[in-house]
Structure formats: C-alpha cells, structure tokens
Amino acid sequence: MGRGTASPNSWALGDGQQVPWEYAPAPESREIVQLKSRYGLFIGGKEVAPRSGQWFTDVDPATEEQLAEIARATVEDVDQAVGVARRAFKRDWSTLPGSERAKYLFRIARILQERSREFAVLESLDGGKPIKESRDVDVPLAAAHFWYYAGWADKLEYAFPNRDPQPLGVAAQVIPWNFPLLMLAWKIAPALAAGNTVVLKPASATPLSALFFADVCRQADLPAGVVNIITGPGEIGQALVSHPDVDKVAFTGSTAVGKEIGRAVAGTDKALTLELGGKAANIIFDDAPIDQAIEGVVNGIYFNQGEVCCAGSRLFVQESIAAPFIERLKDRLSTLRVGDPLDKNTDVGAINNAAQLAKIEELVEAGVAEGADIYQPACELPARGWFFRPTLFTNVAQSSRIAQEEIFGPVLSVLTFRTPAEAIEKANNTMYGLSAGVWTEKGSRILDMVSKLRAGVVWANTFNRFDPTSPFGGYKESGYGREGGMHGLLAYLDLGGGH
Ligand code: NDP
C-alpha cells in the first residue's frame, strides 16, 4: 500500500547520501482554554439548565477524552428560546437603527479577534482540525464575516435601492461539525445585520465554540435574547426548524437532513436556505502551473481532513500529464504530517467523530472492492483518537461509489480526460453542484469552463478560497440559496413584494 517513508524529509549530502530528519513536536498550549465541566443552554442572555435534566458528553476526537458535558435541550426549551428571540426581535433588535446594530457586530468582530488564540485552540480541541487551519482560516474568517456584515447593517437601503428591506423575524439556524465557529458566523452575522434575532443549534459533536460565542455576546452587551444557543440531538434541530413562530430557516449539513428540513418547511411561509453536500471536480489541464496545481489539489482535498462540503474530492487530470502529475502528487502526500491537531506542524488532524471515521473506512473499502488502485503514504497514526491516512485512488470508474458519493474525508479519486468537453461532461456527472476548480494558464479556457460547469463556486488556479464578500452556495442536491456577500444579506430580508 504505502510508498512513502516515515521520515520523508532529508538533507542531501554532496556524496549522494541522504540524512533523514524529523519535525520536533510544536504543540500549542491548551491552557488558554478554560473549560467548565458542564455547559447549559444560552437563552435570553443567560445560561440555563435543560428541562430534561440530561447532559451528553462532548469528546476530543484526537484523544477520545471527555471535554465537557453539554445540555440536552427539550422541545419546551426550543419553544422558550424561540419565544425569547421573538420578544427580543419586537422589543429591541428590529427597533434599533442599523448604525446601532452595526456597533454590536463590530464589537463581536473585535472580541473574536482579541480572543482568537483561545477560539483557535478550542476549535482544534473540539473538532480535530489542525491548529494552523483554525488559527489562520476558521477564526480570522469568522471575525471577517462579522466585520463585513457590520458594514452593511446601516446601508441596507443602499444595498437594495428603491426597495424596502425589512428583517424576516426569528431565524432558526442549524449548523454542522466541520467548521463550527465559521458556520456560526456565516449564519449569525448576516441575520443580525439585517435585523433578525436568532436561535442556533450547533452540531452535537462540536458545540463548544457556539457556547463560547454566547460569552462573546455577553461581553459585547448584545441585548438579551438576540442570539440564543440550544444544544441537543438532531430531533431538537427538527423541532427548531418546525417551530411555527420561526420565520427563516438556515441549514448547513448533509443532503439527507436538508431534504427532511425541506419537507418540514414546505407549505409554510418560512424562508429557507440549504447548504448541503458536494463532490467537487478539480480539473487540471496540461498547460496548468504544475507546482501550484499540486498544492491546490492537496489543499482542495486534505484541508480540514477533507471534511469540507466544497472539497475537491474528484481530481480530473488531462491524460497527457496524468502519469507524472500523479507521481508528484504521491510524493507530496508522503510529506503530509498527520497527527496531533494542536501541533503547529500538523497538516492533517483527527477525523471529527467515530461515525464519520466509520463512513470513510466503509467508502474506502468500497473503492478497493470496486477495483480502484489505492495509495496511502506510510505515515504513523497516533495510537489513540480517530485518524485516517491521506488517501488517493487512481483507476477510478465514473460510476464507482468513490466517484459519486460524498466521502467527507481525506480521500481523493483521480480520473482523467482528453478534451475540455469531456472534462465538463465528467465533472457535471454528479448529483451535486457546489464547487469546482480549473487549472490552466489560458484565461479564455477558464471563462469557457466556468460558464459550463454546474457549480455554485468555480475557483480558477486556486481552491478553497473563501471571502465574506463572495456568495457561496450550490446547484442541484447541493442546496439552494446563497450565503456570503450581498446575496447572503438578501436571504435574511424581505424586500417588499415577496422575497
Ligand atoms: P447532519 O446533516 O446530520 O448534521 C448537521 C446538523 O443538523 C447537526 O447540527 C445535526 O445535529 C442536525 N440535524 C440532524 N438531524 C436533523 C434533523 N432531522 N433536523 C434538523 N437538524 C438535524 O450531518 P452528520 O453529522 O450526520 O454528517 C453526515 C454526513 O453529512 C457526512 O458524512 C457528510 O457527508 C455530510 N455533511 C455535510 C456537511 C456540509 O457542510 N455540507 C457538514 C456535515 C456533514 P446533531 O449533530 O445533533 O446530529
């Protein structure tokens, strides 16, 4: 299976000898995060115990050790949170001038930046993601969303001229475990900027950053009830999105649950945005800048252990360069460092939860059984925790499960093509349509491909780039509606004459 060595780094001596070397451990201290043993619900600006009297355990995926106990909300707790959000909407938030709402959002952005190290360590502890990613991507981008939407709060009538933009009311927001703080920011920042109040349910595997965010709201003196956080299993999410006094539902997660939510909301006048799964094509033409493309492919699929809805999980390489490209990709894979998420040198951290690891293992076994060739570098995995080697499949059939299903793990399926038309046809041969990548030096080819790829976001000569000013969302079973940019604001507004 493996081709690489445990120590892929070496100094070359003049006489042809190689002296291997290892990275010394460089762990970020976890002291900055002060965890309580238990976290209640955040309703009406206060931490409250769940009516169920029940708590569930939140664990560190890298060690499988308990981090804290988390409140299991009941349907009555959901009802209370929605009621509190409704009152805060009527009494406080919708009556404030936009410039006042903006002040709170700016304050939240600043506090997130001030507490960025704490949030980065927390995200890595709770989610298993490498600290360099939570430090350099998740937390700064989350703050950037609050900065960006703070800027819009007092300019809604300029954003939508000759319309009468009004908030929708109470937003029910359900988020996944792959980018807990960032997804919270994607949801809460535009909702609040537009004048709505919020009840948010984080994923049960990663509730901590939302509960720490509750503290940020208190620190920012946000009026009580404008943001409420409830924790509990999927059925609590279901109760939240089905609540009759909710005006807007925003969900990010699996396509299966997205469909259930679509059914729960159908026939009501609730506004809905769904951001679901993906199976993105990353397309490499023979004139692509190869060094950058290799890095882009690696970032596209191994960033956040591949637990990314827009991950570049299907690689299409033009046939004329396929063999050398794949060789170089394998060499690059053998240098990826898998291990402790809190180590600053780690490239690939822990898989978020045991169920997800089991799903990845099952699909990888299916890939092998279907006849694809597997490559995994011979890196050592930690003895405890949920880890999976970066994996690459070649000789993959279009119909194979690993080419069709969202794996949501560090697993890349490599396919080839000869002509641009063939690349388009193969890339679009999926039930998803969230994102895609094109690598070529020809601008005209980029424009042509972009117009034909059925994907909400298409990156050219880069991948997995996010910016609060840019809309993000999918076609087909990847969902509908857009988050980010002015489009993201629109999803939380009634412009008059229907939305
Ligand atoms: P889910 O879609 O089940 O979870 C996402 C969120 O929805 C969580 O907060 C979850 O709560 C909640 N939820 C679960 N069931 C319901 C329901 N019936 N009504 C309302 N809310 C609900 O994702 P999973 O964690 O189960 O992951 C399964 C697969 O989904 C992954 O393997 C991956 O393929 C895909 N996925 C896609 C994501 C994306 O960004 N597009 C993100 C995460 C997963 P709880 O955590 O308590 O179950």
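A few words on the overall build of the chain. Secondary structure summary: the chain contains 16 helices and 22 strands in total. For 499 residues, the compact-globule formula gives about 23 Å, and the C-alpha radius of gyration of the chain, at 23 Å, lands near that figure. Counting over 499 residues, the chain shows a buried share of 58%. Contacts spanning at least 24 positions in sequence make up 74% of the contacts within the chain whose residues lie at least 6 apart.

Looking at where P390 falls in the secondary structure, it is placed in the loop between β16 (373-375) and β17 (391-394). Along the primary structure P390 and G169 are separated by 221 residues, whereas in three dimensions their C-alpha atoms are 44 Å apart. For P390, the contacting residues outside a window of four places in its chain are Y302, L333, L336, V338, V348, Y375, Q376, P377, C379 and P410.

A few words now on the nonpolar core. By size, the foremost hydrophobic cluster in this structure holds 115 residues, and its most contacted members are F146, F213, I284 and F325. The dominant element in this core, judged by the number of residues it contributes, is helix α6 (residues 180-193), at 11 residues. Excluding anything up to four places from it in sequence, F146 contacts L105, I108, A109, L112, A185, I188, A189 and F213. I283, F285, F417 and I424 belong to the second largest nonpolar core, which has 28 residues in total.

Read across the sheet, 7 strands follow the order β16-β17-β18-β15-β14-β19-β20 without closing on themselves; strand pairing throughout is mixed. Every other strand in the sheet has two partners, leaving β16 and β20 (457-460) as the edge strands with one partner each. Strand-to-strand twist across the sheet, computed as the mean angle between neighbouring axes with direction ignored, equals 20 degrees. The sheet contact formed by β17 and strand β18 (residues 411-417) spans 3 bridges and is parallel. Looking at β18, one finds that T391 is bridged to V411. Most of the contacts of helix α10 (residues 290-302) go to β18, to which it runs at about 135 degrees, and overall it touches β14 (281-284), β15 (314-318), β17, β18 and β19 (435-439). With respect to the sheet, helix α11 (residues 319-333) is in contact with β14, β15, β16, β17 and β18, its orientation differing from that of β15 by roughly 135 degrees.

Glancing now at the packing of helix α8 (residues 234-242) against helix α9 (residues 255-265). Between α8 and α9, the least distance of the axes is 9 Å, while the angle of their chain directions is 35 degrees. Helix-helix and strand crossings are classified by hand; for α8 and α9 the assignment is right-handed. Listed contacts from α9 to Q238, V241 and S242 of α8 are E260, I261, A264 and V265. Split by residue class, the contact of α8 with α9 holds 4 nonpolar, 2 polar and 1 charged.

Residue N304 is not a glycine yet carries a positive backbone phi of 55 degrees. Within the fold, N304 resides in the loop between α10 and β15. In the Ramachandran plot, N461 falls in the positive-phi region, its phi being about 55 degrees despite a non-glycine side chain. Within the secondary structure layout, N461 lies in the loop between β20 and β21 (479-480). Overall, the relative accessible area of 31% leaves N461 in the partly exposed class.

Calculation criteria
- Residues numbered from 1 in each chain as written.
- Predicted model: local features only at pLDDT ≥ 70, side-chain atom pairs only at ≥ 80, totals over all residues.
- Heavy atoms only, no water.
- Helix = DSSP H or I, 4+ residues; strand = E, 2+ residues; numbered from the N terminus.
- Rg over C-alpha atoms; globule rule 2.2 N^0.38 Å.
- Buried < 20%, exposed > 50% of the residue type's maximum accessible area, 1.4 Å probe, protein only.
- Contact = heavy atoms within 4.5 Å.
- Core = buried A, V, L, I, M, F, W, Y, C linked by side-chain atoms within 4.5 Å.
- Pairing = 2+ DSSP bridges.
- Axes fitted to C-alpha atoms, helices over the stretch in contact; angles between N-to-C directions.
- Left-handed = near helix turned anticlockwise from the far one by under 90°.
- Nonpolar A, V, L, I, M, F, W, Y, C, P; charged D, E, K, R; others polar.

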